[in-house]
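# Structural description and commentary
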Amino acid sequence: MLIKTYVRCFEHPYFLSYLRYMVVEHYISELLYRYNCVMVPEFGAFLTQMKSAVLIQASNTFYPPSKLISFNEQVSSNDGLLVSYISDTEKLSYEEALVKVSQIVKNWKIKLQKGERLELANIGELWLNANQKLQFQPFGKTNYLTASFGLSSVVSHPVTREVLKEKVVALEEKIPFVFTPEKRETVSFRPYLKYAAIALLTVSLGLTGFRLYKESAEKQQLAAEDAQEQVSKRIQEATFFDTAPMELPTLSLDVISTPKKKVGRVHHIVAGAFRFKKNAEKKMRQLKRRGFNPAYIGTNPHGLHMVTYDSYTDVDEALNALRLVKRTQSSDAWLLSAK
């Protein structure tokens, strides 16, 4: 009896509608990573726009580049993107997927007309204002820009510089300081011991200087004797050679010069830029398993580690490969040409 009750609960239309609502919400979120516009038929369109990196000086927080999500209820036509994606994923026909999406949109509108707020996980919140205008507030917790994968916000603590010296200088200009010399203690010290110590130091310095001078003179004498010996040895060796050199036959060679091949630009198909190099190495291993010839080409001006699918010297071949990668792998791939 208990099992039958659970089965009836799962078959209830409200429960099934809730499951479909969660699935469509998940599909919209997945498509926002790849496309700048995801239209929900008879409801509206979720749009994304590039946003540059931002530094909030009030909190000293740095935010990486991201995509801003907005909503436009005027664009409600069916472009087939969302329905086709649901149809392929759920293994349904296009008509069945369209019926499900229409039912979910109908439930969304009913909920909004009741004055309730419609929350879409990882996307945003929708509601009707006093003038029955649809309002949208993005959550902003999910970064849909794939080029910023792995990047998170960074809080930089302000650098506290020492200003004590400046304060002291300013204080001295206003209030002059008066120093009272302290009285030295009289210590009984015999004067002749001071002179004896000076004399002993002078003698030791003189002996050290004479020893260094003697060692330097000996080294110079040894070097001169060694140089004289080398000169004499070369003069003796020169007497064994005949003054008339032997004539060698002349050879004529035909030299064929080949023009150097000019190296043009190298065209890289970039797979992504990563903040940490270990993430770039992980991406290279994934691409290698997929059959590509990935490479690490260093960092860009922003300090991000760049990984490529492959590199080409022919621009037409590179463009054809880029179209294939965009169609089969990722639409965010792009072409970088360098000398």
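Residues numbered from 1 in each chain as written. Predicted model: local features only at pLDDT ≥ 70, side-chain atom pairs only at ≥ 80, totals over all residues. Heavy atoms only, no water.

Within the protein chain one finds eight helices and 13 strands. Counting the 339 residues in the protein chain, one finds 22% classified as buried. Split by element, the accessible area of the protein chain, about 26800 Å² in all, is 58% carbon and sulfur. (Helix = DSSP H or I, 4+ residues; strand = E, 2+ residues; numbered from the N terminus. Buried < 20%, exposed > 50% of the residue type's maximum accessible area, 1.4 Å probe, protein only. Areas by Shrake-Rupley, 256 points an atom, 1.4 Å probe, with all protein chains shown as cover.)

Attention shifts here to the nonpolar core. Core analysis: the largest hydrophobic core is formed by 28 residues, its most contacted members being Ile28, Phe43, Phe46, Trp108 and Leu126. For this core, the elements supplying multiple residues, two or more each, are helix 2 (13-32), strand 1 (37-40), strand 5 (66-72), helix 3 (81-90), helix 4 (94-113), strand 6 (118-120) and strand 8 (134-138). Of all the elements, helix 4 adds the most residues to this core, at six residues. In this structure, Phe274, Leu287, Tyr312 and Val325 belong to the second largest nonpolar core, which totals 13 residues. (Core = buried A, V, L, I, M, F, W, Y, C linked by side-chain atoms within 4.5 Å.)

Let us now look at the pattern of salt bridges. Tallied over the entire structure, the rule returns two salt bridges. In this structure, glutamate 125 engages arginine 117 in a salt bridge whose closest nitrogen and oxygen atoms are separated by 3.5 Å. On the accessibility criterion, glutamate 125 (16% relative accessible area) is buried. Residue class for arginine 117 comes out partly exposed when judged on its relative accessible area of 42%. Between arginine 211 and glutamate 215 there is a salt bridge, and its shortest N-O distance comes to 3.6 Å. Of this pair, arginine 211 and glutamate 215 both sit in helix 6 (residues 191-238), four residues apart, roughly one helical turn. (Salt bridge = Lys/Arg side-chain N within 4 Å of Asp/Glu carboxyl O.)

The next thing to look at is the environment of histidine 267. Position of histidine 267 relative to the elements: it lies in strand 10 (residues 266-274). The exposure class assigned to histidine 267 is buried, which follows from its relative accessible area of 8%. Once the C-alpha coordinates of histidine 267 and alanine 318 are considered, the two residues, 51 residues apart in sequence, prove to be 6.4 Å apart. The residues contacting histidine 267, other than those within four sequence positions of it, are Asp310, Ser311, Tyr312, Thr313, Asp314, Val315, Ala318, Leu335, Leu336 and Ser337. Polar contacts involving the side chain of histidine 267 include one to the side chain of serine 337, which spans 2.7 Å. (Contact = heavy atoms within 4.5 Å. Polar contact = N/O pair within 3.5 Å; in protein donor to acceptor, adjacent residues only side chain to side chain.)

This part is about the environment of histidine 302. Relative to the assigned elements, histidine 302 resides in the loop between strand 11 (295-299) and strand 12 (305-312). The class for histidine 302 is exposed, based on a relative accessible area of 68%. C-alpha separation for the pair histidine 302 and arginine 275, spaced 27 residues apart in sequence, amounts to 9.2 Å.

To continue, consider helix 4. The first and last C-alpha atoms of helix 4 sit 29 Å apart over 20 residues, in line with the 28 Å expected at 1.5 Å per residue. Following helix 4 by one or two positions, glycine 115 adopts a phi angle in the positive range, close to 90°. (Expected span 1.5 Å × (residues − 1).)

Overall, the coordinates contain eight aromatic pairs when judged by the stated rule. Ring centres 5.9 Å apart and planes at 70° place the aromatic pair phenylalanine 46 and phenylalanine 136 in the edge-to-face group. Placement of phenylalanine 46 in strand 2 (residues 44-51) and of phenylalanine 136 in strand 8 is noted, with a sequence separation of 90 residues between them. Residue phenylalanine 46 shares its accessibility class with phenylalanine 136, and that shared class is buried. Here the aromatic cluster, defined as three or more aromatic residues joined through ring pairs, consists of Phe43, Phe46, Phe71, Trp108 and Phe136. Of note, arginine 117 hangs over the ring of tryptophan 127, and the distance from its end group to the ring centre comes to 4.2 Å. (Phe/Tyr/Trp six-rings, centres within 6.5 Å; stacked < 30°, edge-to-face > 60°. Lys NZ or Arg CZ within 6 Å of the ring centre and 35° of its normal.)

Alignment of strand 7 (residues 124-128) against strand 8, held across five bridges, turns out to be antiparallel. Following the sheet pairing, leucine 128 is matched in strand 8 by leucine 134. In this antiparallel pair of consecutive strands, strand 7 and strand 8, the connection spans five residues, and glutamine 132 shows a positive phi of 60°. (Pairing = 2+ DSSP bridges.)

Side chains of Lys282, Arg285, Arg289 and Arg290 sit close together on the surface and give a patch of like positive charge. With respect to the helices, strands and loops of the structure, lysine 282 is situated in helix 7 (residues 277-289). When its relative accessible area of 46% is taken as the criterion, lysine 282 is described as partly exposed. (Patch = residues over 30% accessible without salt bridge, like charges linked within 9 Å, V, L, I, M, F, W, Y side chains within 5 Å. Lys, Arg positive; Asp, Glu negative; His and termini not counted. Charge placed at Lys NZ, Arg CZ, Asp CG, Glu CD.)

Here the focus is the pairing of strand 10. Most of strand 10 sits inside the fold, with eight of its nine residues counted as buried. Taken together, the five bridges between strand 10 and strand 13 (residues 334-338) define a ladder with antiparallel strand orientation. For isoleucine 269, the partnering residue across the bridge sits in strand 13 and is leucine 335. Sheet topology places strand 10 next to strand 12; seven bridges connect them, and they run antiparallel. Residue histidine 267 lies in a different strand from strand 12, and its bridge partner there is tyrosine 312.

Read these as layout, nothing more, since geometry by itself doesn't imply function.
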